[in-house]
Amino acid sequence: MTITYVYGHNLYVNTTNRCDMNCVFCLRHTGDGVGTASDLWLEREPTREEILADIQARKAEDYDQLVFCGYGEPSYRLDDILWVCRKLKDGGFPLPIRMDTNGHADLINGKETVPLMAGLLDSLSISLNNASPERYMERCRPAFGPESYQVMLDFTRAAVKVIPSVRMTVVDNMPPEEIEACRQICEGLGAEFHVRVYSTGW
């Protein structure tokens, strides 16, 4: 079972395969792994203790960041992730900690989640993906329905107030005018903007 893996200069953490989205451009449709992980499909979700132990077994100085991402939406494991973050930070963990998310944590957990992340996450990368609710529904197919788009925007608006670094991302397989519209939305929320390269395998 792959819990941690390396991609680029970062150490990634695979906590769950659950996701409330079914994006048409998702890597999960075209491959089983990313970076040094040949298979990110979990036979079961690792416990918080297993996640912590796997991270601590790595040499932190070999990486630039610790990133909670993997083959699922990490906010399904938010309480466990924040427990791990607290343990790491209490122990003097030297790396900044990021979570890559679709911004639906409030819907998934049934509560406001950004205040819980303050002081534990150093950065968030939030998938914006589209400039309108209609295109979002078409390309991302969220299980929570049309409200998911506004929830994601509200999540970002709250995050930029308490998380040191917040960026929103889109995939580059959309028309330039849509990317520009996304950029304007992102800047209006006070987040950084990042365009991801679309690929069927990493």
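Thresholds, definitions, all that
- Residues numbered from 1 in each chain as written.
- Predicted model: local features only at pLDDT ≥ 70, side-chain atom pairs only at ≥ 80, totals over all residues.
- Heavy atoms only, no water.
- Helix = DSSP H or I, 4+ residues; strand = E, 2+ residues; numbered from the N terminus.
- Expected span 1.5 Å × (residues − 1).
- Buried < 20%, exposed > 50% of the residue type's maximum accessible area, 1.4 Å probe, protein only.
- Arc of directions from axis to C-beta.
- Contact = heavy atoms within 4.5 Å.
- Salt bridge = Lys/Arg side-chain N within 4 Å of Asp/Glu carboxyl O.
- Axes fitted to C-alpha atoms, helices over the stretch in contact; angles between N-to-C directions.
- Parallel < 35°, antiparallel > 145°, perpendicular 65-115°, else oblique.
- Left-handed = near helix turned anticlockwise from the far one by under 90°.
- Nonpolar A, V, L, I, M, F, W, Y, C, P; charged D, E, K, R; others polar.
- Pairing = 2+ DSSP bridges.

Visitor: Just to check I follow, could you spell out helix H7 (residues 176-189) for this structure?
Guide: What sets the pattern is the α-helix's 3.6 residues per turn: residues three or four places apart point alike. Its 14 residues give H7 an end-to-end C-alpha distance of 20 Å, which sits within 8% of 20 Å, the value for a rise of 1.5 Å per residue. Buried within H7 are the following residues: Glu178, Ile179, Cys182, Cys186 and Leu189. Here the buried residues of H7 occupy an arc of 100° about the axis, which is enough to place them on one side. Exposed residues lying more than 90 degrees from the buried face of H7 are Pro176, Glu177, Gln184, Glu187 and Gly188. In this structure, the buried side of H7 is in contact with helix H5 (133-140), helix H6 (147-162), strand E6 (165-171) and strand E7 (192-196). Once H7 ends, the next one or two residues include Gly190, with phi positive near 85°.

Visitor: Is there a simple way to explain H6 in this structure?
Guide: With 16 residues, H6 extends 23 Å between its outermost C-alpha atoms, agreeing within 8% with the 22 Å of an ideal straight helix rising 1.5 Å per residue. Among the residues making up H6, those that are buried are Ser148, Tyr149, Val151, Met152, Leu153, Phe155, Thr156 and Ala159.

Visitor: Any chance you could explain the side chain of Thr169 here in plain terms?
Guide: You can see Thr169 is positioned in strand E6. Not counting chain neighbours up to four residues away, the residues in contact with Thr169 comprise Ser125, Ile126, Ser127, Leu128, Asn129, His194 and Arg196.

Visitor: Any chance you could explain the pattern of salt bridges here in plain terms?
Guide: A side chain with one charge can pair with a side chain of the opposite charge if their charged atoms come near. Enumeration over the complete set of coordinates arrives at 12 salt bridges. The partner of Arg77 in a salt bridge is Glu45, with the nearest N and O atoms 3.7 Å apart. On the criterion of sequence distance, the pair formed by Arg77 in the loop between strand E3 (66-68) and helix H2 (78-90) and Glu45 in the loop between strand E2 (10-13) and helix H1 (48-56) is long-range, its members being 32 residues apart. The exposure class assigned to Glu45 is partly exposed, which follows from its relative accessible area of 28%. Salt bridges sharing partners connect three or more residues here, namely Arg18, Glu45, Arg48, Arg77 and Asp80.

Visitor: Looking at this structure, I do not really get unusual backbone geometry. What am I missing?
Guide: Trans is the common state for peptide bonds, and a negative phi is the common state for residues other than glycine. Its identity as a non-glycine residue notwithstanding, Asn129 has a phi of 70°, on the positive side. As for its placement among the helices and strands, Asn129 is situated in the loop between strand E5 (123-127) and H5. Overall, the relative accessible area of 2% leaves Asn129 in the buried class. In this model, Arg141 sits at a positive phi of 50°, which is unusual for a non-glycine residue. Along the chain, Arg141 falls in the loop between H5 and H6.

Visitor: Where do I start with the packing of H1 against H2 in this structure?
Guide: Each pair of packed helices can be summarised by the angle the axes make with each other and by the distance between the axes. Running from N to C, H1 and H2 point in directions that differ by 40°, and their axes come no closer than 9 Å. Relative to H2, the element H1 is oriented oblique. Considering the relative orientation of H1 and H2, their crossing is right-handed. The residues of H2 that touch H1, namely those facing Arg48, Glu49, Ile51, Leu52, Ile55 and Gln56, are Asp79, Asp80, Trp83, Val84, Lys87 and Leu88. Looking at side-chain class alone, the contact of H1 with H2 contains 6 nonpolar, 1 polar and 5 charged residues.

Visitor: Which parts of the structure should I look at to understand the sheet that holds strand E4 (residues 97-101)?
Guide: Each strand in a sheet pairs with another by means of backbone hydrogen bonds, the pair being arranged parallel or else antiparallel. Read from one edge of the open sheet, 7 strands run E1-E2-E3-E4-E5-E6-E7, paired in mixed fashion. Across the chains shown, the open sheet's two edge strands, defined by having one partner strand only, are strand E1 (4-7) and E7. Pairs of neighbouring strands in the sheet enclose a mean axial angle of 25°, with direction left out of account. Alignment of E3 against E4, held across 3 bridges, turns out to be parallel. By the bridge assignment for E4, Phe68 is matched with Met99. Sheet contacts for H2: E3 and E4; angle to E4, the most-contacted strand, approximately 165°.

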